[in-house]
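# Coordinate inspection notes
Chain by chain, the residues:
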Amino acid sequence: MERSYVARNLRKCISYGDILKNTSLHSELKRQEYANAAALLVDDTRTFEDLLRVIFIKSKTAYTVKKIENALILKLLSNNIKKNYGISIRNREYIVRNLISFLRESSPYHIHRYDIESFYESVDRGLILKKIKSDGVLSRKSISLLDAFFKELEEKSIPGLPRGLGISSTLSELALQNMDYHLRNTEGVFLYERFVDDIILITDTDIPAKTSRQKIEEFLPGALKIHKAGGEKTFFGNVSKPNDKKMGKTNTFSYLGYSYTISEKNHSSDNFLKVRRRDVKIDIAPSKTMKIKKRIIQSFSSYIISKKTHKEYDLLIKRLKFLSGNYRLHNISNINDVKSGIYYNYRIINQQTQLNELDRFLKSLLFFKGSNLSRRIQSEIPINKRREISHFSFKKGHEKKRFHNFTYKNLLRIKRAWR
């Protein structure tokens, strides 16, 4: 039974993330006021009028809901769709651990990694609405609200599903439910996982890349299609049975923030029920290392163009602590604290190549005159302060799980340099 659109249920949709982003939500009284206003708005014929504001996520057009009342209605609608269709978005770490378990198997297999092109923008809203109306599992109110939401998107010429909205994630999962079911149950597929638009399959060696690609395209709904071969978005690997007498080749690919190097030798000590397991090296994906390097550069650049006051230097230190360490997001809604940072984002690695690379990169900016930026940093920041900054270490932040405390206001200021 789905939740009705009353103030009590709308109030429950205010999350920790909402409270973090909007200071007015720190007050319980204000939270209740917004919930009451949302309950009145549900029956308004202009519920979603002037709904969205454009933002950018990873250089792509995305959206945020302008008014808290509208955001609560969409959240409750999303929750009702999840409940009625049994939608649960898989946890990234669970997927990665499950994948590694299969990669360590000593039998031969094929790896297939795909990515859906322009995923959110290409989802067919008409197919989703037709399915929901045909299934008859949602209430008339939920269908009416979804219809009104889609009409607002059409009026504003927004294609597919708007990036950045929770309901878009829910509806995209619904759109791919049928594909997930069929691929997961395809003969010869040992593992099928999908995280949003990133797909990974481990299959027997009778399934070549061409076959897996055709199978995915067969079940992709509407105009959705997968990226063409090449780059990090696609990968095919033929992994042979381990042979400890010779080196053999390795397969390396990236998926969900990690890099995986699969050896054709067994691990020296890893075994399961006395069966030896394959050696698999796991590190931070090079693309993620590049993203952190970019943020280091942006942190220094922001300081250099500032007035270089003690306050600005303190902000630079906070940014480097944030990048190289870990932090807790304290939840005032009585849910467990959220832990994040260099360890908690990459806790599964068993290699330190990328952590060492980040440490080398930071020190090169501080002490080596190899680039215009490093020379500028060294001329703008005195040696005693550079020595202080050099004590920050990504490797130690990961190994020792170094924690730093940040207020909500600090987090907003820290991230401002990376927009």
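Residues numbered from 1 in each chain as written. Predicted model: local features only at pLDDT ≥ 70, side-chain atom pairs only at ≥ 80, totals over all residues. Heavy atoms only, no water.

What follows is about the sheet that holds strand S4 (residues 189-195). The antiparallel open sheet is built from four strands, whose spatial order is S4-S5-S3-S6. This sheet does not close on itself; its edge strands, each paired only once, are S4 and strand S6 (235-239). Taken over all neighbouring pairs, the strand axes of this sheet differ in orientation by 10° on average, direction set aside. Summarising the sheet, S4 and strand S5 (residues 198-203) pair through six bridges and their orientation is antiparallel. For Glu-193, the partnering residue across the bridge sits in S5 and is Ile-200. Its contacts with the sheet place helix H11 (residues 209-219) against strand S3 (109-115), S5 and S6, and it is angled at close to 45° to S3. (Pairing = 2+ DSSP bridges. Helix = DSSP H or I, 4+ residues; strand = E, 2+ residues; numbered from the N terminus. Axes fitted to C-alpha atoms, helices over the stretch in contact; angles between N-to-C directions. Contact = heavy atoms within 4.5 Å.)

Once that is clear, we can look at the confidence of the model for the protein. On average, residues of the protein score 92 in pLDDT, and 96% of them reach the 70 mark or higher. Confidence, read as mean pLDDT per element, is least for helix H2 (residues 16-21) in the protein (75) and greatest for helix H17 (residues 394-399) (98). (pLDDT = per-residue confidence, 0-100.)

According to the stated counting rule, one finds 14 aromatic pairs in the structure shown. Geometrically, the ring pair formed by Phe-119 and Tyr-120 is tilted, given 5.2 Å between the ring centres and 45° between the ring planes. For the pair shown, Phe-119 and Tyr-120 are each scored as buried. Put simply, the rings of Phe-235, Phe-253, Tyr-258, Tyr-260 and Tyr-346 touch in pairs and so form one group of aromatic residues. The cationic tip of Arg-328 hangs over the ring face of Phe-403; the distance from NZ or CZ to the ring centre is 4.1 Å. (Phe/Tyr/Trp six-rings, centres within 6.5 Å; stacked < 30°, edge-to-face > 60°. Buried < 20%, exposed > 50% of the residue type's maximum accessible area, 1.4 Å probe, protein only. Lys NZ or Arg CZ within 6 Å of the ring centre and 35° of its normal.)

The next subject is the environment of Leu-224. Mapped onto the elements of the fold, Leu-224 is located in the loop between H11 and S6. According to the relative accessible area criterion, Leu-224 is buried, its value standing at 7%. C-alpha of Leu-224 to C-alpha of Val-123: the two residues are 101 residues apart in sequence and 6.5 Å apart in space. Not counting the four nearest positions on each side in its chain, Leu-224 is found in contact with Ile-116, Phe-119, Ser-122, Val-123 and Leu-176.

Another aspect to go through is unusual backbone geometry. A positive phi angle is found at Asp-50, which is not glycine, with a value near 50°. Positionally, Asp-50 belongs in the loop between helix H3 (28-41) and strand S1 (52-57). With relative accessibility at 41%, the residue Asp-50 sits in the partly exposed group. Backbone geometry places Lys-308, a non-glycine residue, at a positive phi of 60°. Relative to the assigned elements, Lys-308 resides in the loop between helix H12 (286-304) and helix H13 (310-324).

With that settled, consider a positive patch on the surface. A cluster of basic residues, Arg-3, Arg-8, Lys-12 and Lys-83, forms a positive patch on the protein surface. Residue placement: Arg-3 occurs in the segment before helix H1 (7-11). You can call Arg-3 partly exposed: its relative accessible area is 39%. (Patch = residues over 30% accessible without salt bridge, like charges linked within 9 Å, V, L, I, M, F, W, Y side chains within 5 Å. Areas by Shrake-Rupley, 256 points an atom, 1.4 Å probe, with all protein chains shown as cover. Salt bridge = Lys/Arg side-chain N within 4 Å of Asp/Glu carboxyl O. Lys, Arg positive; Asp, Glu negative; His and termini not counted. Charge placed at Lys NZ, Arg CZ, Asp CG, Glu CD.)

Taken domain by domain, the protein holds domain 1 (92-121 + 160-284) and domain 2 (287-416). Of note, the centres of domain 1 and domain 2, computed from C-alpha atoms alone, are 32 Å apart. Across the domain 1/domain 2 interface, buried area totals approximately 1,200 Å², and carbon plus sulfur atoms make up 58% of it. Scanning the region where domain 1 abuts domain 2 turns up one salt bridge. (Domains from an automatic or database assignment. Buried area = accessible area lost by both parts, 1.4 Å probe.)

Here we take up helix H9 (residues 166-175). Burial within H9 is extensive, with seven of its ten residues counted as buried. Ile-167, Ser-168, Thr-170, Leu-171, Ser-172, Glu-173 and Leu-174 are the residues of H9 that are buried. Looking at the packing, one finds that the buried side of H9 touches helix H4 (68-85), helix H6 (119-122), helix H7 (125-135), helix H8 (140-155), helix H10 (177-184) and S4.

The next point concerns the sheet that holds strand S12 (residues 403-404). Strand order in the open sheet formed by three strands is S11-S10-S12, and the pairing between neighbours is mixed. In this open sheet, the two strands that pair with only one neighbour each are strand S11 (338-341) and S12. The pairing of strand S10 (residues 326-329) with S12 spans two bridges and is parallel. In the sheet register, Asn-326 faces S12, and the bridge partner there is Phe-403.

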